[in-house]
Each structure stands twice: as C-alpha cells, then as structure tokens.
Amino acid sequence: MRVALAQILATDDPAANLELVADHTALAAQQGATVVVFPEATMCRFGVSLKPVAEPLDGPWASEVRRIAGKNGVLVVAGMFTPTDDGRVTNTLLITGRGVDTAYDKIHLYDAFGFAESDTVAPGSKPLTITVDGTTLGLATCYDIRFPELFRALADQGATVTLLPASWGAGPGKVEQWQLLVRARALDATTFVLATDQADPASRGIDAGKAPRGVGHSLAASPFGVIIDELGAEPGLLVVDVDPDEIPDVRAALPVLANRRL
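Model, not experiment: these values are computed from the prediction.

> Explain the overall build of the chain to me, please; I cannot follow it from the model alone.
Each helix and strand in the chain was counted, giving 5 helices and 15 strands. Over its C-alpha trace the chain gives a radius of gyration of 17 Å, about what one expects of a compact globule, namely 18 Å for 262 residues. Referenced to the eigenvectors of the C-alpha coordinate spread, the extents of the chain come out at roughly 50 × 40 × 40 Å. The 262 residues of the chain split such that 54% are buried. As displayed, the chain has an accessible area near 10400 Å², and 51% of this comes from carbon and sulfur atoms.

> Just checking my understanding: could you explain helix α1 (residues 14-30) for this structure?
One turn of the α-helix equals 3.6 residues, which is why residues spaced by three or four share an orientation. In this model, α1 (17 residues) spans 24 Å end to end at C-alpha, consistent with the 24 Å of a helix rising 1.5 Å per residue. Those residues of α1 that fall on the buried side of the exposure criterion are Pro14, Asn17, Leu18, Val21, His24, Thr25 and Ala28. Looking straight down α1, one finds its buried side chains confined to an arc of 135°; they lie on one side. Facing away from the buried side of α1, by more than 90 degrees, are the exposed residues Glu19, Asp23 and Gln30. Taking the backbone nitrogen of alanine 15 as reference, a side-chain oxygen 3.0 Å away marks aspartate 13 as the first, capping residue of α1. One or two residues past the end of α1 sits glycine 32, with phi positive at roughly 90°.

> Quick question: what am I supposed to make of the packing of aromatic side chains here?
Working definition: an aromatic ring pair is given by the centre-to-centre distance plus the angle between the planes. Under the criterion given, the structure shown has 5 aromatic pairs. Relative to phenylalanine 81, the ring of phenylalanine 46 lies with its centre 5.7 Å away and its plane at 70°, an arrangement referred to as edge-to-face. Highlighted residues: phenylalanine 46 in the loop between β2 (35-37) and α2 (60-72) and phenylalanine 81 in strand β3 (residues 75-83), separated in sequence by 35 residues. Taking the relative accessible area as the measure of exposure, phenylalanine 81 reaches 0% and is therefore buried. Judged by centre distance (5.6 Å) and plane angle (70°), the rings of tyrosine 110 and tyrosine 143 are edge-to-face.

> Please clarify how the sheet that holds strand β10 (residues 135-139) should be interpreted in this entry.
Strand pairing in a sheet is mediated by backbone hydrogen bonds. Such pairs are either parallel or antiparallel. Across the sheet, 6 strands lie side by side as β9-β10-β11-β12-β13-β14; this open sheet has mixed pairing. Two strands bound the open sheet, and with one partner strand each, they are β9 (128-132) and β14 (227-230). On average, each strand axis in the sheet is inclined to that of its neighbour by 20°, with strand direction left out of account. Contacts from helix α4 (residues 174-189) reach β11 (161-166), β12 (192-197), β13 (219-221) and β14, with the element oriented near 155° to β12.

> Is there a simple way to think about the side chain of aspartate 197 in this case?
Following the sequence through the fold, aspartate 197 ends up in strand β12. Within the buried set, aspartate 197 has no salt-bridge partner at all; the shortest N-O distance to an opposite charge, 9.2 Å, is to lysine 174. Looking at aspartate 197, its side chain comes within polar contact range of the main-chain nitrogen of valine 215, at 2.8 Å. Sequence-distant contacts of aspartate 197, that is, excluding residues within four places in its chain, are made with Gln7, Ile8, Pro39, Ala166, Ser167, Trp168, Trp178, Gly214, Val215, Gly216 and Ser218.

Each value, and the rule that gives it
- Residues numbered from 1 in each chain as written.
- Predicted model: local features only at pLDDT ≥ 70, side-chain atom pairs only at ≥ 80, totals over all residues.
- Heavy atoms only, no water.
- Helix = DSSP H or I, 4+ residues; strand = E, 2+ residues; numbered from the N terminus.
- Rg over C-alpha atoms; globule rule 2.2 N^0.38 Å.
- Buried < 20%, exposed > 50% of the residue type's maximum accessible area, 1.4 Å probe, protein only.
- Areas by Shrake-Rupley, 256 points an atom, 1.4 Å probe, with all protein chains shown as cover.
- Expected span 1.5 Å × (residues − 1).
- Arc of directions from axis to C-beta.
- Polar contact = N/O pair within 3.5 Å; in protein donor to acceptor, adjacent residues only side chain to side chain.
- Phe/Tyr/Trp six-rings, centres within 6.5 Å; stacked < 30°, edge-to-face > 60°.
- Pairing = 2+ DSSP bridges.
- Axes fitted to C-alpha atoms, helices over the stretch in contact; angles between N-to-C directions.
- Contact = heavy atoms within 4.5 Å.
- Lys, Arg positive; Asp, Glu negative; His and termini not counted.
- Salt bridge = Lys/Arg side-chain N within 4 Å of Asp/Glu carboxyl O.

Shown next as structure tokens:
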C-alpha cells in the first residue's frame, strides 16, 4: 500500500485549503499513492472561530473533497469541522474514496498545555476502522496519540495500519514527544502508524500564537516502532510504502496483544 502524507499549512480560508487538497491529492496520485492523508484542521486552521466555518458532511466543502478523491481514484482523509446541537463543533475526519465514505469524530480532546479544545469542540465516542483494497485501517486524531488503549482497540478491530492526522501544539520538547508517541503507539499495537501533521507556521515566518498550529515532522512508523521516513518542519509531501502482510509475522515475534492481561 502506497500512502502519501500531505503536510500542508492550512489557512483560515476553507476555499484556499480545498485548493491545497486538490493540488496535493493530484501530486500524490501521480506518484502512485492510493491513500492520501491530510492533517487535522485541513478545512480551517486552529486559532480562529470554528463555528462559522463548520459544515455538515453533505455540505459543499466535504462534497468537493469527495469529488477530488473520486477524480484521482484515491482514498482521502482530511480534517474538517461539523456543527453540533450544543453550539460547539465536532473535530471530524472525512474519509472518502475507493468505495469508502465515512467520518471519525475525535474522541480525546486537547485539554492540555493550557489549551481547552472542549470549550468549543464536542468529543466523539466511537473508534473507527475502514477497509480499503483489502487492508483494514484505523483512524485517530492528534491528542488521541497519547492514549494507547485506543490504538490497541483499533488493532483488535483488525487494523494493521492506523492513520493519524494532527495539528500538534508547539512548545519545548513537543517535537520529541510527537515522534516518541507515534513510534510508541505503533509498537504498542504492532501496527504501522502513519501520522500527518500540519506544517510548522514558523517555517514560513508565521507566529502561531497559543493555538496548536502544527510542528511538521509527519512520519511513518513501523510496527516495531522504527521511523520509516519523516519530513521536516516545512510543508511537504511524504510518500511511503507499507506492507500490511508483514503484520502477522511481527505479531508472532512480538505478541504484545496476545500477551495482555486486562
């Protein structure tokens, strides 16, 4: 399976961000990718009011992402925001293309390091796996990475690859935590973890303020916790090949899921 991690720097303009989705999806498809993973908050960056830009899954923004995925014959995963009944929004991953059309609502909200995502965002409650081209993929979003039980639950549902869009908050040691957590979750669940972060605004001379705007360093980790490949802080496209057929041998050698005592 060839997967492209599209490390974009989203703006506060959903229409402009759709252009980034279109351009990067086409480039990924040209390089043979069948799955293209965009960051959390692809629809609109954090640090601005999200309620005015939130749209339902059948709205124009999601509909255009579906069109882009269909045109290029790929599965696209992209972060957006959907409205809720309580006046907040939901932090949603749209997953569409190659016979799949569904969504994952972020379960663990980023109420940490002085930021309170739950003030404006309502949590999801259900882990999600999908099957595309015969491979079961798990979905998770950003702060979810700090909760190993979710990644093991996805593995229990058959996931051999987990896709993780993010908009990681910057700060001392945060890049190192990001790298460590992606590798650890791959090792915990003996799955590939493919993590796409927003590019670091500082790489383009932009002050991110207090909002989690991304640090870059999108990466792919093997089920043994080894980094397969990684980007730097600036925008870019990382195309990686992973072989889900390796997972049975990995789990035979390292049976941490079978050896659990719950």
